[in-house]
Amino acid sequence: MGVKNLWDIFESCKKTLPLHHLQNKRVCIDLSCWMVQLQNVSKSHCLKEKNYLKNLFHRLRALIALNCSLIFVTDGSIPAIKISTYRRRLNLPSEVSHDGINPQKVSSLRRNMGSEFSCMIKEAKLLGMALGIPCLDGIEEAEAQCALLNSEKLCDGCFTSDSDVFLFGGRTVYRDICLGDGGYVVCYEMADIEKQLGFGRNSLESACQIVKSIGDNVVLQKIASEGLAFAKKTKGSKKQPKNGSKKQPKNSNCSKENSLDHKIKVNETVNTSQRDDQFLQVIDAFLNPKCHAADSDAVHRVLAQHPFQHVNLQQICGQFFEWPPEKTDKYILPKIAERDLRRFANLRSTSLELGLKLLLHEMPTKCPVSEIIKQRKVQGKECYEVSWEEMHGLKTSVVPADLLESACPEKIVEFEERRAQKKKQNHPKAKPKKSRNMSCVDDDNIYQKLQNLLLDTESGSNSAQCPLATRAVISANAMPAREANPTIRDPLVHMKLESSHHYGSSISGHEVGQSASQCEIIDLLSPSPQIRHRTVSEHENGNVQRIDVINLSDSETEMSVEHERKARDLRSFIATIKNDNS
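A brief look at the structure comes next. (Residues numbered from 1 in each chain as written. Predicted model: local features only at pLDDT ≥ 70, side-chain atom pairs only at ≥ 80, totals over all residues. Heavy atoms only, no water.)

**Focus on the overall build of the chain**
Along its length, the chain carries 24 helices and 12 strands. Taken across its 582 residues, the chain has 34% of its residues classed as buried. Of the contacts made within the chain by residues no fewer than 6 positions apart, 69% connect residues no fewer than 24 positions apart. Summed over all atoms, the accessible surface of the chain reaches about 36100 Å², with 52% contributed by carbon and sulfur. (Helix = DSSP H or I, 4+ residues; strand = E, 2+ residues; numbered from the N terminus. Buried < 20%, exposed > 50% of the residue type's maximum accessible area, 1.4 Å probe, protein only. Contact = heavy atoms within 4.5 Å. Areas by Shrake-Rupley, 256 points an atom, 1.4 Å probe, with all protein chains shown as cover.)

**With respect to the sheet that holds strand β8 (residues 369–378)**
As summarised here, the arrangement of the three strands in space is β8-β9-β10, forming an open sheet in which the pairing is antiparallel. The open sheet has two edge strands with one neighbour each: β8 and β10 (396–400). Ignoring strand direction, the axes of neighbouring strands in this sheet form an average angle of 30°. With eight bridges connecting them, β8 and strand β9 (residues 381–388) associate as antiparallel partners. Residue pairing across strands places Gln375 opposite Tyr384, the latter belonging to β9. In this fold helix α16 (residues 325–353) packs onto β8, β9 and β10, with an angle of close to 50° to the strand it touches most, β10. In this fold helix α18 (residues 409–426) packs onto β8 and β9, with an angle of close to 75° to the strand it touches most, β8. (Pairing = 2+ DSSP bridges. Axes fitted to C-alpha atoms, helices over the stretch in contact; angles between N-to-C directions.)

**A short note on helix α15 (residues 310–320)**
By the burial criterion, the buried members of α15 are His310, Leu313, Gln314, Ile316, Cys317 and Phe320. On an axial view of α15, the arc spanned by its buried residues comes to 165°, and they lie on one face. Along α15, the residues that are exposed and aim more than 90 degrees away from the buried face are Val311, Gln315 and Gln319. At its buried positions, α15 is contacted by α3 (51–65), α5 (116–130) and α16. Following α15 by one or two positions, Glu322 adopts a phi angle in the positive range, close to 60°. (Arc of directions from axis to C-beta.)

**Looking at the packing of α3 against α16**
Running from N to C, α3 and α16 point in directions that differ by 25°, and their axes come no closer than 7 Å. For the element pair α3 / α16, the angle class is roughly parallel. For the pair α3 and α16, the sense of crossing is left-handed. On α16, the residues that touch Phe57, His58, Arg61, Ile64 and Ala65 of α3 are Tyr331, Ile332, Lys335, Ile336, Glu338, Arg339 and Arg342. Residues that form the contact of α3 with α16 fall into these classes: six nonpolar, one polar and five charged. (Parallel < 35°, antiparallel > 145°, perpendicular 65-115°, else oblique. Left-handed = near helix turned anticlockwise from the far one by under 90°. Nonpolar A, V, L, I, M, F, W, Y, C, P; charged D, E, K, R; others polar.)

**Quick notes on the sheet that holds strand β3 (residues 69–74)**
The strand order β1-β7-β6-β5-β2-β3-β4 describes an open sheet built from seven strands, whose pairing is mixed. A single partner strand is all that each edge strand has here, and the edge strands are β1 (15–18) and β4 (135–137). Direction aside, neighbouring strands of the sheet carry axes that sit 30° apart on average. In the packing of helix α6 (residues 142–151) onto the sheet, contacts are made with β2 (26–30), β3, β4, β5 (157–159) and β6 (172–178), and the angle to β2 comes to roughly 165°.

**As for the packing of aromatic side chains**
Enumeration according to the criterion identifies 12 aromatic pairs in this entry. The interplanar angle of 70° and the centroid separation of 5.6 Å between the aromatic rings of Phe57 and Trp323 together place this pair among those described as edge-to-face. Taken together, the positions of Phe57 in helix α3 and Trp323 in the loop between α15 and α16 put the pair 266 residues apart, joining distant regions of the chain. Both residues of the pair, Phe57 and Trp323, belong to the buried class. The ring of Trp34 carries the charged tip of Arg59 above its face, separated from the ring centre by 4.6 Å. (Phe/Tyr/Trp six-rings, centres within 6.5 Å; stacked < 30°, edge-to-face > 60°. Lys NZ or Arg CZ within 6 Å of the ring centre and 35° of its normal.)

**What about the environment of Glu414?**
Position of Glu414 among the secondary structure elements: in helix α18. Under the relative-accessibility criterion, Glu414 is labelled partly exposed at 37%. Sequence spacing of Glu414 and Glu371 is 43 residues, and the spatial spacing of their C-alpha atoms is 8.4 Å.

**Remarks on the pairing of β3**
By the criterion of burial, β3 is predominantly enclosed, with five of the six residues buried. Of the pairings in the sheet, the one linking β2 to β3 comprises five bridges and is parallel in character. Looking at the pairing, Arg26 lines up with Ser69 of β3.

**Notes on the side chain of Arg342**
Residue placement: Arg342 occurs in helix α16. Overall, the relative accessible area of 6% leaves Arg342 in the buried class.

**Brief notes about the packing of helix α2 (residues 31–41) against α3**
Between α2 and α3, whose axes approach to 8 Å, the crossing angle comes to 125°. For the element pair α2 / α3, the angle class is oblique. Handedness of the α2/α3 crossing: right-handed. Across the interface between the two elements, Trp34, Met35, Gln37, Leu38, Gln39 and Val41 from α2 touch Tyr52, Asn55, Leu56, Arg59, Leu60 and Leu63 from α3. Class assignment for the residues of the contact of α2 with α3 results in eight nonpolar, three polar and one charged.

**Here's the deal with the pairing of strand β7 (residues 184–189)**
In terms of burial, β7 is a largely internal element, five of the six residues being buried. Judged from the four bridges that link them, β1 and β7 form a sheet pairing that is antiparallel. Of the residues in β7, the one forming a bridge with Lys15 is Cys187. Counted between consecutive antiparallel strands, the loop separating β6 from β7 contains five residues, among which Gly180 sits at a positive phi close to 90°.

**Quick look at the nonpolar core**
Ranked by size, the top nonpolar core spans 65 residues in total, and within it Leu22, Leu56, Leu131, Phe159, Leu313, Trp388 and Leu404 carry the most contacts. One finds Cys158, Val165, Leu167 and Val302 within the second-largest nonpolar core, a separate group that totals 30 residues. (Core = buried A, V, L, I, M, F, W, Y, C linked by side-chain atoms within 4.5 Å.)

**Structural notes on unusual backbone geometry**
Positive phi values are uncommon outside glycine, yet Asn24 reaches one of about 60°. For Asn24, the position within the fold is in the loop between β1 and β2. Its identity as a non-glycine residue notwithstanding, Glu390 has a phi of 50°, on the positive side. If you trace the backbone, Glu390 turns up in the loop between β9 and β10. Using a relative accessible area of 77% as the deciding quantity, one classes Glu390 as exposed.

None of this, on its own, says anything about what the molecule does.
Structure, rendered in C-alpha cells:
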C-alpha cells in the first residue's frame, strides 16, 4: 500500500535541521520504525546485549534534555488491504474461509504479539514509561495515527520512515535523527512539497491510483516517454465496450467473432471494475484510516504530562543493561534537570509575554537551580556548572549559558558579584615597586652589614686569642720577636711592636699583656701594610728589653688558620654580591 520511491521524489524538499530545532516541541514517534532502524544498527551485536535498547535510551535522553515531549505510537492490527502483502512477505499461504470469502475483505488481521520483534516493542514501551513517555497503541497503522495527530495539530511533527504518512495527511515528518556533535534531524514539510512539486495529499493518492493501474516497474518510463497522456488513454479505453456493443453483425461468422470479442471485453470490464474497486479501497484506506479520534480518551491520556519514574528506571536499566543505579543516574539525571530548567524558562517567558514581570522568588514554581558554581566551556559553547534543588539526588551538572540567562538571570548576577568580591579578597592592593635607587641603597646596606659582620667575627676571634697570647717572655739576651720568628702574621702584635719601637719606650711584660688586651681592629679587606725594617742603635738595643713571642698552644695556630679560611670565604662572597649588583 502506498507509493514506492516517494522519498526519492521528495528529495529536493529534504531539509537538514539542527537537533536544537526540536526544543520545546511535541513529537510522536512511530516506534516500529525506530526499532527497525536501531536493530539494523546493532545487527553485528548479539540481541542479548540489547544494544538496540541502549541506543533508544540515549536517543530519548537527548530529546528529553531539549524539553521535547514525546509520544510513542505502536502498530495495531494489520489492515485488510495489506493482509495479502503481509502474508507474501512472511511466505504464508492465503487463507480462504469455508464460504469462499477471503477473510482480508472482512476484517483486519491481529499481529503476533509473541514474536521477537513484538517483545522488543514491549521493552521499548517499558523504558519509555519509566522516562515519562506515554504510548498510544494504534488501531491499525501507527503512521496513520501519527499523521492524524499531526494534521489535527496535536503534535508538531512525527518521526517515521514510512512515506505513507504523507498519504495519511502528515504535515511535518522527521525521517532520520543523528546525535552527537553537530546532531541533526532530516525533515520534510508538506508545505514545501506543495510549493516546489505541486503535490498535495489528494494528488498523491491520485498518483497512487495511476501507479497501480500502470504498474510500479513501467510507470516512470511511461511518464518519461509519454508524459501524463497515458492516463487519459486508460480512461478512454473504458468507454470502448459501450460503443462496440451498439454495432450489429452482418453475418453469422462475424456474429461469432463479435460474441467472442464481447466476452473478452466483458471480462476486461469486470477486471477493470475489480481493479477500480481495489483503487477505491486503497484511497479509502488513506482518506479514512482506522485511528483513535483526536477527542478520544486514549488521545487525551497520552497528551497529559507523565512523571519521571526514577526508581523504576534504575530497575529497568539494571535488568536490561546490568547498570548500577549510579551509572543510570549519571546518564539521565542531568538531562532531567536540564528539561526542568527549560520548562521553568518557558514559564517565565510566558509570564513576560502576558506583561507580568515577576521576580525570581515571586514565580509560582521554584527555580530548580540553587546557585552557579563556576563558568565552563563545553565543545566551544559557554556553559555554567550549577547546583540543583531537590533533583533526585543530583548535586551539580553543566547547563548552557543562554538557557540559564533566559531562566534565571538573577543567578548570573549573584555569581558575578561573588566572583568580584572573591577577587578583591584574594588580590589586595599591590605594593609600590621600589625604584632602582632604592634597590641600590638596599644592596649597599646589605653589603655594609656583611662587612660589619666580618669585622665583628675577626674582633671576636682576636679577643678569644688574646688570653692565650700572654706569650711575651722577657729575655735580655734574646733576639727581637720579629727577627726570631719572622713568619708571625699577627697584625695586632706587629702593630704594637711597631708602635713601641717608634716611640722608643721600654716595654715590660705587664705592658705587653696590657697592650694585647687593647686590640686595634684593622679592616682585612684592605691590603696588609708592608713590614718596615728599622735600624736600631746599640744604645737603643741596650735600653729596650727585647720581646720573644712564643706560641704556647697548637690550638691557637689551628684557630688562626680556620679563621683565615672563613674570612677569605666571606670576603669572596661579599665581592660576588658586589659584582652582581654592579
